[in-house]
Amino acid sequence: MAERMKPMGMDRALSSKMGAKYDPQAEAEVRHWFKQLLNEDIGEGSMTVEKNLKDGILLIKLLQKLYDGTPNLPPECNNIKLKYNTSTAPFKQMENIELFLKGANAYGVPDNSLFQTVDLYEGRNMAMVIATILQVGTEAQRNGFQGETAGNKPVEKNVRDFSYAQLKSGHGTVGLQAGTNKLDSQKGMTAMGAVRHISDIRADKFDKTSEGVITLQAGTNQWASQKGMTAIGAVRHISDLKVSQACQEGQATISLQSGTNKFDSQKGTRGFGAVRHISDIRADDLLLEGTDKISPVISYTGGDSQKGMRGFGAQRHVSDIKITDLAEEYCKKTGFKPPKPVIQSETTEQTPVVTVDETE
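Residues numbered from 1 in each chain as written. Predicted model: local features only at pLDDT ≥ 70, side-chain atom pairs only at ≥ 80, totals over all residues. Heavy atoms only, no water.

**Comments concerning the overall build of the protein**
Okay, so step 1: Broken down by element type, the protein carries nine helices and zero strands.
Okay, so step 2: Taken from the N to the C terminus, the helices and strands of the protein come in the order α-α-α-α-α-α-α-α-α.
Okay, so step 3: Per-residue burial over the protein gives 18% buried out of 360 residues.
Okay, so step 4: Residue pairs at least 24 apart in sequence account for 48% of intrachain contacts in the protein once pairs closer than 6 positions are excluded.
Okay, so step 5: Accessible surface, the protein: about 30,200 Å² in total, of which carbon and sulfur atoms supply 53%. (Helix = DSSP H or I, 4+ residues; strand = E, 2+ residues; numbered from the N terminus. Buried < 20%, exposed > 50% of the residue type's maximum accessible area, 1.4 Å probe, protein only. Contact = heavy atoms within 4.5 Å. Areas by Shrake-Rupley, 256 points an atom, 1.4 Å probe, with all protein chains shown as cover.)

**Observations concerning the packing of helix 3 (residues 46–53) against helix 7 (residues 126–142)**
Okay, so step 1: Between helix 3 and helix 7, the least distance of the axes is 10 Å, while the angle of their chain directions is 65°. The chirality of how helix 3 crosses helix 7 is left-handed. Contacts from Ser46, Val49, Glu50 and Leu53 of helix 3 reach helix 7 at Met126, Ile130 and Ile133.
Okay, so step 2: Grouping the amino acids of the contact of helix 3 with helix 7 by side-chain chemistry returns five nonpolar, one polar and one charged. (Axes fitted to C-alpha atoms, helices over the stretch in contact; angles between N-to-C directions. Left-handed = near helix turned anticlockwise from the far one by under 90°. Nonpolar A, V, L, I, M, F, W, Y, C, P; charged D, E, K, R; others polar.)

**Comments concerning the packing of aromatic side chains**
Okay, so step 1: Inspection of every chain in the model, using the stated rule, returns two aromatic pairs.
Okay, so step 2: Looking at lysine 54, its charged tip hangs above the ring of tyrosine 121, at a distance of 4.7 Å from the centre. (Phe/Tyr/Trp six-rings, centres within 6.5 Å; stacked < 30°, edge-to-face > 60°. Lys NZ or Arg CZ within 6 Å of the ring centre and 35° of its normal.)

**Quick word on the pattern of salt bridges**
Okay, so step 1: Tallied over the full model, the rule gives four salt bridges.
Okay, so step 2: A salt bridge links lysine 92 to glutamate 95; the nearest nitrogen and oxygen atoms lie 3.9 Å apart. One end of the pair, lysine 92, and the other, glutamate 95, are both in helix 5 (residues 90–107), three residues apart, so they sit about a helical turn from each other.
Okay, so step 3: Taking the relative accessible area as the measure of exposure, lysine 92 reaches 25% and is therefore partly exposed.
Okay, so step 4: Residues glutamate 122 and arginine 124 are paired through a salt bridge, measuring 2.9 Å at the closest nitrogen-oxygen approach. (Salt bridge = Lys/Arg side-chain N within 4 Å of Asp/Glu carboxyl O.)

**Considerations on the nonpolar core**
Okay, so step 1: Ranked by size, the top nonpolar core spans 41 residues in total, and within it Phe34, Leu53, Leu66 and Ile133 carry the most contacts.
Okay, so step 2: Within the residue set of this core, elements represented by two or more residues are helix 2 (24–37), helix 3, helix 4 (57–68), helix 5, helix 6 (117–121) and helix 7.
Okay, so step 3: Of the residues forming this core, the biggest block, eight residues, is contributed by helix 7.
Okay, so step 4: Ignoring anything within four residues of it in the chain, the contact list for leucine 53 reads Phe34, Ile42, Leu58, Leu59, Leu120 and Ile133. (Core = buried A, V, L, I, M, F, W, Y, C linked by side-chain atoms within 4.5 Å.)

**Brief notes about the side chain of glutamine 93**
Okay, so step 1: With respect to the secondary-structure elements, glutamine 93 resides in helix 5.
Okay, so step 2: Since its relative accessible area comes to 12%, glutamine 93 is described here as buried.
Okay, so step 3: With sequence-adjacent residues up to four places away left out, glutamine 93 is seen in contact with Lys54, Asp55, Ser87, Thr88 and Tyr121.

**With respect to the packing of helix 2 against helix 4**
Okay, so step 1: The N-to-C vectors of helix 2 and helix 4 enclose an angle of 60°; their axes lie 11 Å apart at closest approach. Seen from above, helix 2 lies across helix 4 with left-handed handedness. Contact residues: Trp33, Phe34 and Leu37 in helix 2; Leu58, Leu59, Leu62, Lys65 and Leu66 in helix 4.
Okay, so step 2: Its residues assigned to classes, the contact of helix 2 with helix 4 comprises seven nonpolar, no polar and one charged.

**Some points on unusual backbone geometry**
Okay, so step 1: Despite not being glycine, asparagine 39 shows a phi value in the positive range, around 60°.
Okay, so step 2: When you line up the elements, asparagine 39 lands in the loop between helix 2 and helix 3.

**Things to note about the environment of glutamate 29**
Okay, so step 1: If you trace the backbone, glutamate 29 turns up in helix 2.
Okay, so step 2: Between the alpha carbons of glutamate 29 and isoleucine 130 there is a distance of 9.4 Å; along the sequence they are 101 residues apart.
Okay, so step 3: Leave out the neighbours within four places in its chain, and glutamate 29 touches Leu134, Ala150 and Gly151.
Okay, so step 4: At 2.9 Å, the side chain of glutamate 29 forms a polar contact with the backbone nitrogen of glycine 151. (Polar contact = N/O pair within 3.5 Å; in protein donor to acceptor, adjacent residues only side chain to side chain.)

If you want it as C-alpha cells, here you go:
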C-alpha cells in the first residue's frame, strides 16, 4: 500500500492542533483499563498507542470481554460477530477497526462519539481514539458490566413531578437571571434622577442643617454661582451684593466680558445704512448748509448724472442747456455764420441761395 503524503500547509496546522488535544491522563486511564481486563500493555505516548492498536485486534478483544461480562446486553449486540483477522494486510487490519466501531455502536456508543478508521490507522486523530475507548467504558457502566470499567459515570434521567401548588409558589420569586429584589433597590424614588437612599428613612429624620447644602455629586453652591442672574447674558457677580451697595460710578460702564462702550458705537443710527456719527449730536446742531448735500457714503451728485435723458440710448448732456444756446456758442467759437432763412411764395418756386463765406 502506498504511503500517504505528509500533511503540508493548512493540513499540517490542523494536524498539530488535533495533536495538542491529546490528553496523557486519559491515555493512562485507557492503558490501565487494558491492563486490568486483557493483561495487555498498549504502551505510553500517542505513537506507541497507535502502533499497538493499529491492527484492531486488541480493540476487538476488549469488546469480547465486555460482551461476555454484561448481563443486560443490548439486543443489537446479538447481530455482531466479534471475530478478528490476524493478517498483516492493511485492508484486513482496517476491517478489524471497522468491526470494533460497529460493535461499540451496538453496545451504546453514539455515532458522534466514534472515531474514523483513518484516525487510528494513519494516526490522524489519536485524541478521538482515546475518547471513543473511554466512551465504551461509560456504556459498560450503564449496561451493568461486571468488571473493571473506565470513563465518566453515565448520565441517567432524573424525572421529577411537581404539584400545582409547588409550581405556583415560584411565581412570586424573581429568578437571578432577571435580577434580584433582595438588596438595594429603587424603592422610594419619586422621580427620575431623585436621590437614592441606601436605607429607607423618613423625611422628618433628616438633619435640618444639611437642607441648605448641595452634595458634591450634584454640584456645590459654596463658590461662585449664577445667583442673582436675571437673564441669559446678564452680568455675573463674584459676590452676592445688593444694588444699593453697588458703586454708582460703575453703572455707566459695561464690563469687558459683555463688551465696551468706550469706542465707536451705533448709537444714533436710525436705520440700516444710515450715517454713523462719531459723537452723539442732536439734529438741531447740524449746519443748515449741509442739508442740501448728500454724504459721499450714500451717493454723490456733484458730477455727471442722467438728468435730461429721454430714453434708452439718448444723448447725454453735460449740463442742461437749450439747443439754440448750443448753436450760438458754436458759432462764436468757430466764426460760422448760419444761413438766413428763405421765405418761399405761394405762386413761384425759387431755388434757395446758399451764401458761402469768403474766408472759408
